[in-house]
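For reference, the chains in residue letters:
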Amino acid sequence: MKTREEYIESLKKLNLEVYLLGEKVEDPTEHPIIKPSMNSVAMTYELAQQPEYEDLMTVTSSLNGEKINRFTHLHQSTDDLVKKVKMQRLLGQKTASCFQRCVGLDAANAVFSTTYECDEAHGTHYHENFKKYWDRIQREDLVVDGAMTDTKGDRALSPSQQADPDMYLRVVERREDGIVVRGAKAHQTGIINSHEVIVMPTIALRPEDKDYAVAFALPADAKGIFMIYGRQSCDTRKLEPNADIDVGNKNFGGHEALMIFDDVFVPNELIFMNGETDFAGMLVERFASYHRQSYGGCKVGVGDVLIGATALAADYNGVPKASHIKDKIIEMNHLNESLYSCGIACSCEGCATKAGNYYVDTLLANVCKQNVTRMPYEITRLAEDIAGGLMVTMPSQQDFDNEKLKPYIEKYLKGTDDVPTEDRMRILRLIENITLGTAAVGYRTESMHGAGSPQAQRIMIGRQANVAHKKELAKEIAGINKKK
């Protein structure tokens, strides 16, 4: 397994084509806007080297018998599914941001089981392709991004009906040795900190959409791939001198990017689906369910930090004993643990797939993510309520460092006598970062749209809830349709 330092050094060896604020980035690992997100991923390597986290962060590979980072594991039991959620909560607590390796882990487990069943139905060899590929990922301890979300164009039209056929990533040429693909994947979490990418369809497909039923893997720096970094609120604060306080979370962060595939060649051995439209829906559903389980861990860990910061803000404001403050913090904890309990529940209720890896309970995974589209918003509202308006009206660190202004800021922004004004400023900026700033992509807004829209989860809940069975239960109790 790689160390933190080995991971960062391996990124430097990549030839990624990245654009940020209209300019090409020569070394993403050193760019001040990108670097905090790299640090978050590096934490997944750092914790795996620490004995106290060995049980959560490492596991024995089912493919090669070696000790591997759990972020490259194919789940072999419900215990593995539970430990995944616990690991994600731990990483959220350590970074207070998105640590970016969940998408690839969820993609791998979905592709593993789907390719097995696709091969069974069609006589293809995608499963062996994937096993060989993933064995290498495990042995080299690589970060793999999962790319599912297409830009979609006119959402009322299927992929093959679009005025511009590239609105969904597609195969534009089939060769004896592979395929050529064109399109884009949006909202790509952590792609600039990834060695590889697994690409999947974004929706269930019909036979006429055959060219869009494609899944494959490639190095993130493959010829024809480039990324356009997504803007985040307050992101340029990271470019400012003497802005540690203003940034809020100076060491960690997340990122999203638009990933372009400009006629990219994929060799046969890295293809995991090529026209099998009848299995596109299965792959989408399995990935989505795994990823919706993930939110019961990562968002809870960040929530732990936000609750802690909010409680400190109450202390620094001198109101920790006020009954309404205590009740609001209780409510924040209640909501946060409700998210966690659903993530654990869908893991405990998981079962083995035909391929042998373990899959979450689909209904509970979607209930978990549906809760995540709501509860973090209430946790955020309560945090902002308790923190107070100074969270968004506070002078900058440059003002604080100004010889003339500093005495006045220290005097008038002070809370309780025993807490330095700077500490109060720092905790308020951390709350701002998690709820409004650059970490919001890994907490509030992503809680709404990550792993699919709220309506996507409601559709799955409607399919999985088995209302017909519930009707029969009611009839039985009510004595309806019983023979006299």
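Residues numbered from 1 in each chain as written. Predicted model: local features only at pLDDT ≥ 70, side-chain atom pairs only at ≥ 80, totals over all residues. Heavy atoms only, no water.

**Notes on the UniProt feature "domain: HpaB/PvcC/4-BUDH N-terminal" (unreviewed entry) in the protein chain**
So, point 1. Here, the residues flagged by UniProt with the feature "domain: HpaB/PvcC/4-BUDH N-terminal" (unreviewed entry) are residues 3-273.
So, point 2. Across residues 3-273, the secondary structure splits into 31% helix and 22% strand, with the terminal C-alpha atoms separated by 33 Å. (UniProt positions renumbered as here; feature names shortened; annotations may be inferred. Helix = DSSP H or I, 4+ residues; strand = E, 2+ residues; numbered from the N terminus.)

**Examining the sheet that holds strand β7 (residues 178-185)**
So, point 1. Spatial strand order, β2-β1-β10-β11-β7-β6: six strands in an open sheet with mixed pairing. Two strands lie at the open edges of the sheet, namely β2 (23-25) and β6 (170-175), each paired on one side alone. Direction aside, the axes of adjacent strands within the sheet are offset by 20 degrees on average.
So, point 2. Bridge analysis of strand β1 (residues 18-20) against β2 gives three bridges, and the strand direction is antiparallel. Directly across from L20, in β2, lies its bridge partner E23. (Pairing = 2+ DSSP bridges. Axes fitted to C-alpha atoms, helices over the stretch in contact; angles between N-to-C directions.)

**Some words on helix α8 (residues 280-317)**
So, point 1. Here α8 contains 38 residues, and its C-alpha end-to-end distance of 54 Å stays within 8% of the 56 Å for a straight helix at 1.5 Å per residue.
So, point 2. Residue Y295 marks the point of greatest curvature in α8, where the axis turns by about 30 degrees.
So, point 3. Taken across its 38 residues, α8 has 30 buried, putting it largely inside the fold.
So, point 4. Positive backbone phi, at 85 degrees, marks G318, one or two positions downstream of α8. (Expected span 1.5 Å × (residues − 1). Bend = angle between axes of the 7 residues up to and from the residue. Buried < 20%, exposed > 50% of the residue type's maximum accessible area, 1.4 Å probe, protein only.)

**Some details on the pattern of salt bridges**
So, point 1. Under the criterion given, the structure shown has 37 salt bridges.
So, point 2. A salt bridge links R182 to D166, with the shortest nitrogen-to-oxygen separation between them at 3.9 Å. Of this pair, R182 sits in strand β7 while D166 sits in the loop between β5 (144-147) and β6, and the two are 16 residues apart along the sequence.
So, point 3. Residue class for R182 comes out partly exposed when judged on its relative accessible area of 26%.
So, point 4. K475 is paired through a salt bridge with E472; the nearest N and O atoms lie 3.7 Å apart. Linking K475 with E472, this pair stays in helix α18 (residues 467-478), spanning three residues, or about one helical turn.
So, point 5. What makes K475 partly exposed here is its relative accessible area of 30%.
So, point 6. Residue classification places E472 among the partly exposed residues on the basis of a relative accessible area of 46%.
So, point 7. It is possible to trace a salt-bridge network through shared partners that takes in K12, D27, E30 and K35. (Salt bridge = Lys/Arg side-chain N within 4 Å of Asp/Glu carboxyl O.)

**Some thoughts on the packing of helix α2 (residues 35-48) against helix α4 (residues 78-95)**
So, point 1. As a packed pair, α2 and α4 sit with axes 10 Å apart at the nearest point and diverge in direction by 120 degrees. Classified by the interaxial angle, the pair formed by α2 and α4 is oblique. Relative to α4, the crossing made by α2 is right-handed. Between α2 and α4, the contacting residues are S40, M43, T44 and L47 on the first element and L90, L91, K94 and T95 on the second.
So, point 2. Each residue belonging to the contact of α2 with α4 can be placed in one class, and the counts come to four nonpolar, three polar and one charged. (Parallel < 35°, antiparallel > 145°, perpendicular 65-115°, else oblique. Left-handed = near helix turned anticlockwise from the far one by under 90°. Contact = heavy atoms within 4.5 Å. Nonpolar A, V, L, I, M, F, W, Y, C, P; charged D, E, K, R; others polar.)

**A look at the domain arrangement of the protein chain**
So, point 1. Partitioning the protein chain into domains gives domain 1 (4-279) and domain 2 (283-473).
So, point 2. In this assembly, 58 residues from domain 1 lie in contact with 53 residues from domain 2.
So, point 3. Of all residues in domain 1, the largest losses of buried area upon contact with domain 2 belong to V85, R89 and I245, amounting jointly to 17% of the total for that side.
So, point 4. R89 is the salt-bridge partner of E337, the closest N and O atoms lying 2.7 Å from each other.
So, point 5. When residues of the side of domain 1 that touches domain 2 are traced back to their parent elements, those giving at least two are α4, α5 (102-122) and α7 (244-247).
So, point 6. Considering every element that reaches the side of domain 1 that touches domain 2, the biggest residue donor is α5, with 13 residues. (Domains from an automatic or database assignment. Buried area = accessible area lost by both parts, 1.4 Å probe.)

**As for the sheet that holds strand β9 (residues 214-219)**
So, point 1. Strand order in the open sheet made by the four strands is β5-β8-β9-β12, with mixed pairing throughout. Lying at the two open borders of the sheet, with one neighbouring strand each, are β5 and β12 (271-274). Sheet twist, expressed as the mean angle between neighbouring strand axes with direction ignored, is 20 degrees.
So, point 2. The sheet contacts of helix α6 (residues 126-140) involve β5, β8 (196-199), β9 and β12, and relative to β12 the element is tilted by about 150 degrees.

**As for the UniProt feature "domain: HpaB/PvcC/4-BUDH C-terminal" (unreviewed entry) in the protein chain**
So, point 1. Taking the numbering used here, the UniProt-annotated feature "domain: HpaB/PvcC/4-BUDH C-terminal" (unreviewed entry) corresponds to residues 280-479.
So, point 2. The distance separating the terminal C-alpha atoms of residues 280-479 is 43 Å; by composition the span is 74% helix and 2% strand.

**As for the state of the cysteines**
So, point 1. Taken as a whole and judged by the stated rule, the model has zero disulfides.
So, point 2. Note on C118: no disulfide assigned, nearest cysteine sulfur contributed by C351 at a separation of 20 Å.
So, point 3. The exposure class assigned to C118 is buried, which follows from its relative accessible area of 1%.
So, point 4. The thiol of C351 is not disulfide-bonded; the next cysteine sulfur, from C346, is found 12 Å away. (Disulfide = S-S within 2.5 Å.)

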